[in-house]
Amino acid sequence: MIRINELVGMMVAALLLLIAPTRPGAAATEDRSMHQVKQEFGKLNPSAPAELSRFSFLIGNWRFEAKVKVADGQWHSFKGTWLGRYILDGYAIADEYRMTDLSGKLIVLGLNLRAYDASEQTWNIKWLNALTGTWMNLAPSELGGVKFNGQSITYAFKELAPLDAAHAYTRATYTSISNTHFTWRGEKSDDGNAWSEFMVVDCHRSRQ
């Protein structure tokens with residue numbers, strides 16, 4: 001007759017046999033999951049220009065609340081997502097911008113492509129408007145290119161009016177940059193000299 005303590009010992013041994021083989025697999029699964037999370041947005045290539053890291057704050061998932069000043073002077077509220085990734089083996093950044101109104105209707109959908117030309121010491125930043133199929137140069141040298149002032153980043157570009165905007169020029173400024181937040185401020189101008197704010201996008205890093 002099997003004693004109680006022997007029976008308990010046999011049950012523990014059986015449980016160990018069942019559990020032990022799954023541990024390496026479980027650990028491997030966890031490792032793979034962590035690796036996938038880390039690799040989901042890519043990484044900066046060590047051989048890429050160091051200047052590319054200026055826009056590294058965009059990497060990851062962001063959610064935002066936006067307000068836009070329309071023709072009648074009223075501010076309208078919008079929301080959206082901003083998703084940034086390193087692409088092309090970490091030599092460039094692609095960030096997808098999607099904005100909807102509060103009912104969920106799609107208003108803006110596009111992709112920024114960012115790369116740094118080390119030989120010319122200039123930025124190449126292009127915007128692809130998915131809704132119109134048009135490209136736009138966001139940092140032309142004739143408008144001063146990309147400027148860095150402390151933690152703020154600014155560049156101006158000419159709009160493809162009337163496709164994208166009613167004004168001629170837009171000046172974009174990224175400010176209040178941290179690991180969990182940044183703000184995009186848009187100013188408009190008809191002559192490239194006098195500017196007025198027309199859009200503010202307040203972004204917070206998403207945990208999803």
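Sequence order as written defines the numbering, with residues in each chain counted from 1. Side-chain atom pairs in this predicted model are given and counted only at pLDDT of 80 or more, local residue features only at pLDDT of at least 70, and totals for whole chains, interfaces and linings cover all residues. No hydrogens and no water enter the side-chain calculation; it runs on all heavy atoms of the structure.

A. Spotlight on the nonpolar core. Here the nonpolar core consists of buried residues drawn from Ala, Val, Leu, Ile, Met, Phe, Trp, Tyr and Cys, with membership extended through side-chain atoms lying within 4.5 Å. Buried residues are those whose accessible area, probed at 1.4 Å on protein chains only, stays under 20% of the maximum for their type, while exposed residues exceed 50% and partly exposed ones sit between those limits. Of all hydrophobic cores here, the largest spans 38 residues; its most connected members are Phe55, Trp82, Tyr155, Tyr174, Phe182 and Val201. A run of H or I in DSSP becomes a helix once it reaches four residues, and a run of E becomes a strand once it reaches two; helices and strands are each numbered from the N terminus. Those elements that place two or more of their residues in this core are strand E1 (60–69), strand E2 (75–87), strand E3 (92–101), strand E5 (122–129), strand E8 (152–158), strand E9 (169–175), strand E10 (181–189) and strand E11 (196–205). In contact with Phe55, other than residues within four places in its own chain, are Ile93, Arg114, Trp123, Ile125, Val146, Ile153, Tyr155 and Tyr174. Working rule for contacts: check all heavy atoms of both residues, and any pair within 4.5 Å makes them a contact.

B. Summary view of unusual backbone geometry. Positive phi, close to 55 degrees, is recorded for Gln121, a residue that is not glycine. Relative to the elements of secondary structure, Gln121 occurs in the loop between strand E4 (106–117) and E5. Of note, the phi angle at Ser176 is positive, near 50 degrees, even though the residue is not glycine. Within the element layout of this structure, Ser176 appears in the loop between E9 and E10.

C. Summary view of the pattern of salt bridges. Basic side-chain nitrogens of Lys or Arg form a salt bridge, by our definition, when they fall within 4 Å of a carboxyl oxygen of Asp or Glu. Under the definition given, this model contains four salt bridges. Residue Arg171 pairs with Glu187 through a salt bridge whose shortest N-O separation is 3.0 Å. With a gap of 16 residues between them, Arg171 in strand E9 and Glu187 in strand E10 connect regions that are remote in the sequence. Exposure remark for Arg171: the relative accessible area of 25% places this residue in the partly exposed category. Here Glu197 makes a salt bridge to Arg185, at a shortest N to O gap of 3.3 Å. Taken as a pair, Glu197 in strand E11 and Arg185 in strand E10 lie far apart in primary sequence, 12 residues in all. For Glu197, a relative accessible area of 33% gives the class partly exposed.

Any link to function would need more than the numbers given here.
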